[in-house]
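Here's the letter readout for the chains.
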Protein chains: 2
Amino acid sequence: METEEAAGDNGNRTDGDPVTPGRIREAASRLRKVAWRTPLIESDTLNSRVGARVLVKPECLQRTGSFKIRGAFNRLSLIPRSERKRGVVAFSSGNHAQGVAEAARRLGIPATIVMPADAPSLKLERTRRLGARVVLYDRNAESRELRAREIAEESGAILVPSFDDADVICGQGTVGLEIVEEAVRGEIPLSAVLFPIGGGGLAAGSAVAIKERSPATMIWGVEPEGWDDTARSLRLGKIVAASGKAGSLCDALMAFRPGRLTFPILHRYLEGGLVVNDAQVAEAVRFAFSELKLVVEPGGAVALAALLAGRLPMPCGNIAIVLSGGNIDPATAASILNEDQESVG
Amino acid sequence: METEEAAGDNGNRTDGDPVTPGRIREAASRLRKVAWRTPLIESDTLNSRVGARVLVKPECLQRTGSFKIRGAFNRLSLIPRSERKRGVVAFSSGNHAQGVAEAARRLGIPATIVMPADAPSLKLERTRRLGARVVLYDRNAESRELRAREIAEESGAILVPSFDDADVICGQGTVGLEIVEEAVRGEIPLSAVLFPIGGGGLAAGSAVAIKERSPATMIWGVEPEGWDDTARSLRLGKIVAASGKAGSLCDALMAFRPGRLTFPILHRYLEGGLVVNDAQVAEAVRFAFSELKLVVEPGGAVALAALLAGRLPMPCGNIAIVLSGGNIDPATAASILNEDQESVG
């Protein structure tokens, strides 16, 4: 199994602003041989549906099936070599799990992942296949965070947060960096960029990268109904939690609140939060399938759902959206695809 | 509706070799603003399954959902402006139909497409949506070629063949040109490239482009069982027809024989033909879905199927495959995805 060198040995950062364009560029250079540079793709049908030019960043095509490898590898490669034998532990419903497992495999670090027993079976299976030890917990009875902290304390493993960590945020920010680089190179001024939001790592890091090069671009976060903690927090100007009572198709976005690190960045740079319901998400998954020929998981499709449902105020100019992941069970996908047949027939 | 200028006015070519690397490069420059440059993507799972590095060219992401826009636009843009009002007519099970319809729309040319009544409904609907007049025929009772010729004679419209035309072949060859350009740029010597084969336009044009830059690369064509006319013709060194009696999942590849123009090129440049059955094709469609996060129609998945089924002799080095189209009905896709569940459960 291959192992890779860390680009630097500064494991913990306390100096100055932890999420800067410069640090996102450093992350990009660490990720050069690990994360694929996903293209920006287009669809005539999408453009005419929205009435604007839409550039789609398909992170479902990313290694491990979501953008999460970016933050995970950036974070893990910054663990000093002397500390790597301690191992890492993470909790995740599946995409961060695979990102951490793959990053750990590449760096030769043992990984333990705490996952909900009801996570999509594809995500459980893939995480194991990447060589991680998977510990299941009951989503309704236990706190996965607590379980992960226990494991960290017992074993001495290093906890890798899924979003509230500067190096994770900088890694995810390389998605936004790639978008803005392509747009600048193609002389395509971006009026708006839409990101799915769980804990906000992707949107926060990407906003920092985009705003540096293109300050006039409006950044929006999109969340599923019942899990709109970031939209509400942005409106109130302070962190509030989601009710967390509702179920959601979007297993990847069921975060209870924005992070202590992500929220101030989101508050500074985002126009606001948009909210979509399960029916709109399912329609977006079907649209991605039929029109974009892309497999997108529900949580990965919320930005597309917001556009298709007309949630973005005054869509115009050039809009970019991120399809953040594609890890959906085939049976779930088949049932979403068939739903439309049923409602038509 | 936008119209575009022809790059030249030489509608019919009789001088010298009609399919040359230079003419494929001319086609590429005509297509620069029309066909998207699809990326080469990778999957760790695919690489380890095959035991070689596999670069996937997803033409399912292409405008109209398949590579066919390339040949159609190249051909139509070479119709002299004075002749365009005559209109064009084509016969196709769906992908060439959409390619011709979209190219005609862009150039302001009226288009009539003869399609089998049992073509996938998505393909029928899309062709109409692009503004073409669709004439249905009964696959079992009539010859679509005859029907198209009748329409051409009655109306004076120009017949646009789906593969046996030099300008169509040169347009499809831009797929191979892009593959070899990327490989050369990335210093990735290609040991083999696999193409789906219906009438052979894609493989023939692409082989000419690839062999010029990379003569040692082996080119293979892949066909569905029962429709292996090219594999058999290559073995016999002369054109023989498929039995055409068997059904196939691969509606896009049910061509009875290689073309008079395509066959000599295929015979010169191809190592041979590989054959896959419906079960192998269905597995490839599922693999593309789960592992590549790409929607690929059965006919578009045969090269992947050949690799996964171990049909390629001695796979090693760097192999490129083309996923040639993604126009599959959601209900058909759902049933292919569910098949696996059933066989497991």
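Keep in mind it's a predicted model, so treat the numbers as computed, not measured.

Topic: helix α10 (residues 262-269) of chain B
Residue and element names in this part refer to chain B.
And then number 1: By the burial criterion, the buried members of α10 are Thr262, Phe263, Ile265, Leu266 and Tyr269. Buried residues of α10, viewed axially, fall in a sector of 165°; they line one side.
And then number 2: The elements touched by buried residues of α10 are α7 (166-185), α8 (201-213), β7 (218-224), α9 (229-236) and β8 (270-276).

A short note on the packing of aromatic side chains
To describe a pair of aromatic rings, you give the distance between the ring centres and the angle between the ring planes.
And then number 1: With the rule as written, the count across this model stands at 3 aromatic pairs over all chains.
And then number 2: Pairing A:Phe289 with B:Phe289 gives two aromatic rings, centres 6.3 Å apart and planes at 45°, and the pair type is tilted. Of this pair, A:Phe289 sits in helix α11 (residues 278-292) while B:Phe289 sits in helix α11 (residues 278-292), each in a different chain. The same class applies to A:Phe289 as to B:Phe289, namely buried.

Examining the packing of helix α8 (residues 201-213) of chain A against helix α10 (residues 262-269) of chain A
Residue and element names in this part refer to chain A.
And then number 1: Between α8 and α10, the shortest axis-to-axis distance is 9 Å and the interhelical angle comes to 45°. When the axes of α8 and α10 are compared, the pair comes out oblique. Where α8 crosses over α10, the handedness of that crossing is left-handed. Residues Gly201, Ala203, Ala204, Ala207, Val208 and Lys211 of α8 pack against Thr262, Ile265, Leu266 and Tyr269 of α10.

Here we look at the pattern of salt bridges
And then number 1: If you walk through the whole model with that rule in mind, you get 48 salt bridges over all chains.
And then number 2: Two residues, A:Arg86 and A:Glu83, come together in a salt bridge whose shortest N-O distance is 2.6 Å.
And then number 3: Exposure remark for A:Arg86: the relative accessible area of 41% places this residue in the partly exposed category.
And then number 4: Since its relative accessible area comes to 30%, A:Glu83 is described here as partly exposed.
And then number 5: A salt bridge links B:Glu182 to B:Arg37; the nearest nitrogen and oxygen atoms lie 3.3 Å apart. In this pair, B:Glu182 sits in helix α7 while B:Arg37 sits in the loop between α1 (21-30) and α2 (44-50), placing the two residues 145 residues apart along the sequence.
And then number 6: For B:Arg37, a relative accessible area of 41% corresponds to the partly exposed category.
And then number 7: One connected set of salt bridges, linked through shared partners, spans A:Asp44, B:Arg63, B:Glu102, B:Arg105 and B:Arg106.

Observations regarding the interface of chain A and chain B
And then number 1: On the side of chain B, 33 residues touch chain A, which itself brings 33 residues to the contact.
And then number 2: Between chain A and chain B, roughly 2500 Å² of surface is buried when both sides are summed, and carbon and sulfur atoms account for 58% of that area.
And then number 3: For the pair chain A and chain B, the number of links is 6 salt bridges.
And then number 4: The salt bridge involving B:Glu291 is made with A:Arg129; its shortest N-O contact spans 3.2 Å.
And then number 5: Counting across the interface, chain A meets chain B through 15 residue pairs in polar contact (both at pLDDT 80 or more).

Some thoughts on the packing of helix α7 (residues 166-185) of chain A against α8(A)
Residue and element names in this part refer to chain A.
And then number 1: Relative orientation of the contacting elements α7 and α8 amounts to 40°, with a least axis distance of 6 Å. As far as their axial angle goes, α8 and α7 are oblique. Helix-helix and strand crossings are classified by hand; for α7 and α8 the assignment is right-handed. Residues Ile169, Gln172, Gly173, Val175, Gly176, Leu177, Val180, Glu181 and Val184 of α7 form the contact with α8, whose own contacting residues are Gly201, Leu202, Ala204, Gly205, Ser206, Ala209, Ile210 and Arg213.
And then number 2: Its residues assigned to classes, the contact of α7 with α8 comprises 9 nonpolar, 6 polar and 2 charged.

With respect to unusual backbone geometry
Residue and element names in this part refer to chain B.
And then number 1: Phi is positive for Thr64, close to 70°, though the residue is something other than glycine.
And then number 2: Among the structural elements, Thr64 can be located in the loop between β1 (53-58) and α3 (68-77).
And then number 3: The backbone of Lys293 shows a phi angle near 60°, a positive value even though the residue is not glycine.
And then number 4: Relative to the helices and strands, Lys293 resides in the loop between α11 and α12 (302-308).

Some points on the side chain of A:Arg63
And then number 1: Here A:Arg63 is to be found in the loop between β1 (53-58) and α3 (68-77).
And then number 2: With relative accessibility at 7%, the residue A:Arg63 sits in the buried group.
And then number 3: With residues near it in sequence (within four places) discarded, A:Arg63 still touches A:Lys33, A:Val34, A:Trp36, A:Ile69, A:Glu102, A:Arg106 and B:Asp44.

Section: the sheet that holds strand β2 (residues 88-91) of chain B
Residues and elements named next belong to chain B.
And then number 1: Strands sit in the order β4-β3-β2-β5 across an open sheet of 4 strands; the sheet is parallel. Among the strands making up the open sheet, the edge pair consists of β4 (133-137) and β5 (158-159).
And then number 2: Bridge analysis of strand β3 (residues 111-116) against β4 gives 5 bridges, and the strand direction is parallel. If you follow Val114 over to β4, its bridge partner there is Val135.

A short note on the sheet that holds strand β2 (residues 88-91) of chain A
Residues and elements named next belong to chain A.
And then number 1: With parallel pairing, 4 strands are arranged side by side in an open sheet as β4-β3-β2-β5. Two strands in the sheet have a free side with no partner beyond their single neighbour: β4 (133-137) and β5 (158-159).
And then number 2: Contacting β2, β3 (111-116), β4 and β5, helix α6 (residues 144-155) crosses the sheet at an angle of about 170° to β2.

Points about the nonpolar core
And then number 1: In terms of nonpolar packing, the biggest core is built from 88 residues, with A:Leu194 and B:Leu194 touching the most fellow members.
And then number 2: With residues near it in sequence (within four places) discarded, A:Leu194 still touches A:Trp220, A:Val222, A:Leu274, A:Ala303, A:Ala306, A:Leu307, A:Leu312, A:Ile319, A:Ala320, A:Ile321 and A:Val322.

Quick look at the relation of the copies chain A and chain B
For the pair of chain copies, the relating transformation is a rotation about an axis with a translation along it.
And then number 1: For the pair chain A and chain B, the best superposition has an RMSD of 0.0 Å and corresponds to a rotation of 180° with a translation of 0.0 Å parallel to the axis. Such a combination of turn and shift is consistent with a two-fold rotation axis. When C-alpha distances to the rotation axis are compared across chain A, the minimum falls at A:Ala334, with a value of 2.1 Å.
And then number 2: Mapped onto chain B, 100% of the interface residues of chain A are again interface residues, and the two copies thus contact each other with one and the same surface.

Observations concerning the domain arrangement of chain A
Residues and elements named next belong to chain A.
And then number 1: Under the domain assignment used here, chain A contains domain 1 (21-66 + 168-344) and domain 2 (68-163).
And then number 2: Centre-to-centre separation of domain 1 and domain 2, based on C-alpha positions: 23 Å.
And then number 3: Tallying the contact residues gives 36 residues for domain 1 and 26 residues for domain 2.
And then number 4: There are 5 salt bridges connecting domain 1 and domain 2.
And then number 5: A salt bridge links Lys123 to Glu297, with the nearest nitrogen and oxygen atoms 2.7 Å apart.
And then number 6: At the boundary of domain 1 with domain 2, the tally comes to 14 residue pairs in polar contact (both at pLDDT 80 or more).
And then number 7: Elements that contribute at least two residues to the side of domain 1 that touches domain 2 include exactly α1 (21-30) and α7.
And then number 8: Broken down by element, the side of domain 1 that touches domain 2 gets its largest block of residues, 8 residues, from α7.
And then number 9: In terms of residue class, the side of domain 1 that touches domain 2 is made up of 14 nonpolar, 12 polar and 10 charged.

Conventions adopted
- Residues numbered from 1 in each chain as written.
- Chains lettered and ligands numbered in written order.
- Predicted model: local features only at pLDDT ≥ 70, side-chain atom pairs only at ≥ 80, totals over all residues.
- Heavy atoms only, no water.
- Buried < 20%, exposed > 50% of the residue type's maximum accessible area, 1.4 Å probe, protein only.
- Helix = DSSP H or I, 4+ residues; strand = E, 2+ residues; numbered from the N terminus.
- Arc of directions from axis to C-beta.
- Contact = heavy atoms within 4.5 Å.
- Phe/Tyr/Trp six-rings, centres within 6.5 Å; stacked < 30°, edge-to-face > 60°.
- Axes fitted to C-alpha atoms, helices over the stretch in contact; angles between N-to-C directions.
- Parallel < 35°, antiparallel > 145°, perpendicular 65-115°, else oblique.
- Left-handed = near helix turned anticlockwise from the far one by under 90°.
- Salt bridge = Lys/Arg side-chain N within 4 Å of Asp/Glu carboxyl O.
- Buried area = accessible area lost by both parts, 1.4 Å probe.
- Polar contact = N/O pair within 3.5 Å; in protein donor to acceptor, adjacent residues only side chain to side chain.
- Nonpolar A, V, L, I, M, F, W, Y, C, P; charged D, E, K, R; others polar.
- Pairing = 2+ DSSP bridges.
- Core = buried A, V, L, I, M, F, W, Y, C linked by side-chain atoms within 4.5 Å.
- Least-squares fit on C-alpha atoms with pLDDT ≥ 70 in both.
- Domains from an automatic or database assignment.

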